[in-house]
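Survey of secondary and tertiary structure
The lines below spell out each chain.
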Amino acid sequence: MSNMMQAKATLRAAETGRENAGKWSRRQKRKDDAMRRVFVGSSILVTLIIFSLIAFVGYQGLLTFKDVTPGEFFLSTDWSPTAQEPKFGAFAFLYSTILLTLLSVVFAVPIALSGAVFMAKIAPKWMRELLRPAADLFVGIPSVVYGLIGLTVIIPFLADVFGGIGYGILPASIILAVMILPTILSISEDTLRALPKRLEEASMALGATRWQTIWRVLLPSATSGIMTAVVLGMGRAIGETMAVFMVIGNSPKIPSSLLDSTTVLTTAIVKDMANTFYGTTWNNALYLMALLLLVVSLSLIIVIRVFSKRSETK
């Protein structure tokens, strides 16, 4: 009799456990469905915001071609929107933007890559733990602080050494190089440290020196990650405004030298937007410059995706 009662109690406990498990599963499923809807809705909302932004800037910018031909806008250097016969040639801004970006990358990449190799493969652990946070601190410094340093230190120094007023592409590229250096350094270091240890061990086993291993084995293996870091640095350099605005001189012309005043797309937008009225040709031309910056940024993102897929297939 006692065995029968014990068996019934065991059955009731098992049924209760199954019921509780079923209730928990249903609650968990409802939570999972709700979170899935939240995530899907958030992704749709973000996508709509991005495409709405691109559509608005694109539509407003393309209205420029109602009054200005594409040839004049992209190939002319005559930017005189306040003249009796306004001209909206933005070639000087495009040229200066490309030159400034490439020059800042040329300055930043050797230093950043050397620092990444040192921290990833040469520096002891205690030193790496000190250097990495110190490098990351540069990211948090406001761009206006970089601009002030450029105004008070770099420009007077360049003026004393080379003559002139000191404003131009060169001081702007130096400041941008410092600003994008932590991004390139951090991503490159992570890429080097993520490489399989067997690559280094195999190279050393074949008699290669540490430098030969780094130069001939590790850096080629990390090419995709390093290129991703460089492209991200270029994206920040292209979109930077305030620091460049303070040191580049802001003259709407093609620079004759690296210490000649000029203007890039971002500084041209900041400098002129407050002087325009919405819907005018001048205002639309500034929106078209913003569209060009968006297109360049999207192109850089596509480049990053391509490098990432290549690295995954290797």
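Right above here is the structure, for reference.
Just so we're clear, the structure is a prediction, and the values are computed from it rather than from any experiment. Per chain, the residues get numbers from 1 upward, laid out in the order the sequence is written. Predicted model: local features are reported for residues with pLDDT of at least 70 only, side-chain atom pairs are reported and counted for 80 or more only, and whole-chain, interface and lining totals are derived from all residues. Excluding hydrogens and water, the side-chain values take into account all heavy atoms of the structure.

**Observations concerning the overall build of the protein chain**
Counting from the N terminus, the helices are DSSP H or I runs at least four residues long and the strands are E runs at least two residues long. Helices and strands together make up the secondary structure of the protein chain, namely 12 helices and two strands. The order of helices and strands in the protein chain, counted from the N terminus, is α-α-β-β-α-α-α-α-α-α-α-α-α-α. Only protein chains enter the area calculation, which uses a 1.4 Å probe; residues under 20% of their type maximum are buried, those over 50% are exposed, and those in between are partly exposed. Taking all 314 residues of the protein chain together, 38% fall into the buried category. Note on contacts: a residue pair is in contact if any heavy atoms of the two residues lie within 4.5 Å. When contacts within the protein chain are restricted to residue pairs at least 6 apart in sequence, those whose partners lie at least 24 apart make up 70%. Computed with the Shrake-Rupley method and a 1.4 Å probe, the accessible areas treat only the protein chains shown as cover for residues. Surface summary for the protein chain: the accessible area is close to 18,200 Å², and the carbon and sulfur share equals 67%.

**Re the pattern of salt bridges**
In what follows, salt bridge is the name for a side-chain nitrogen of Lys or Arg lying within 4 Å of a carboxyl oxygen of Asp or Glu. One pass over the full model with this rule turns up seven salt bridges. Among the salt bridges present, the one from Asp190 reaches Arg132, with a minimum N-O distance of 3.2 Å. Note that Asp190 is positioned in helix α6 (residues 169-194) and Arg132 in helix α4 (residues 125-137), a separation of 58 residues in sequence. You can call Asp190 partly exposed: its relative accessible area is 40%. Of the charged contacts, one joins Lys253 and Asp260 as a salt bridge, the two residues approaching to 3.3 Å between their closest N and O atoms. Owing to a relative accessible area of 36%, Lys253 belongs among the partly exposed residues under this scheme.

**Observations regarding the packing of aromatic side chains**
Within 6.5 Å between ring centres, the rings of Phe, Tyr and Trp (the latter by its six-membered ring) count as paired, and their orientation is classed by plane angle as stacked under 30 degrees, edge-to-face over 60, tilted in between. In this structure the tally under the stated criterion is nine aromatic pairs. For the pair Phe65 and Phe73, a centre-to-centre distance of 6.4 Å together with 90 degrees between the ring planes defines the contact as edge-to-face. Overall, Phe65 belongs to the partly exposed group, its relative accessible area being 28%. For the pair Tyr278 and Tyr287, a centre-to-centre distance of 6.4 Å together with 85 degrees between the ring planes defines the contact as edge-to-face. Residue classification places Tyr278 among the exposed residues on the basis of a relative accessible area of 55%. For Tyr287, a relative accessible area of 17% corresponds to the buried category. Members of the aromatic cluster, joined through ring pairs, are Phe56, Tyr278 and Tyr287.

**Overview of the nonpolar core**
Considering soluble globular proteins, one finds that nonpolar side chains tend to be buried as a cluster. Nine residue types can take part in a nonpolar core, namely buried Ala, Val, Leu, Ile, Met, Phe, Trp, Tyr and Cys, and a core is a set of them joined through side-chain atoms within 4.5 Å. Ranked by size, the top nonpolar core spans 41 residues in total, and within it Leu100, Ile175, Ile184, Leu192, Val244 and Ile248 carry the most contacts. Every element with two or more residues in this core is listed here: α3 (91-122), α5 (143-162), α6, α8 (210-221), α9 (223-239) and α10 (242-247). Top contributing element to this core by residue count: α6, with 12 residues. If we ignore the near neighbours within four places in the chain, the residues touching Leu100 are Ile169, Ala172, Ser173, Leu176, Val244, Ile248 and Val264. Val68, Phe73, Leu94 and Ile238 belong to the second-largest nonpolar core, a separate cluster that totals 24 residues.

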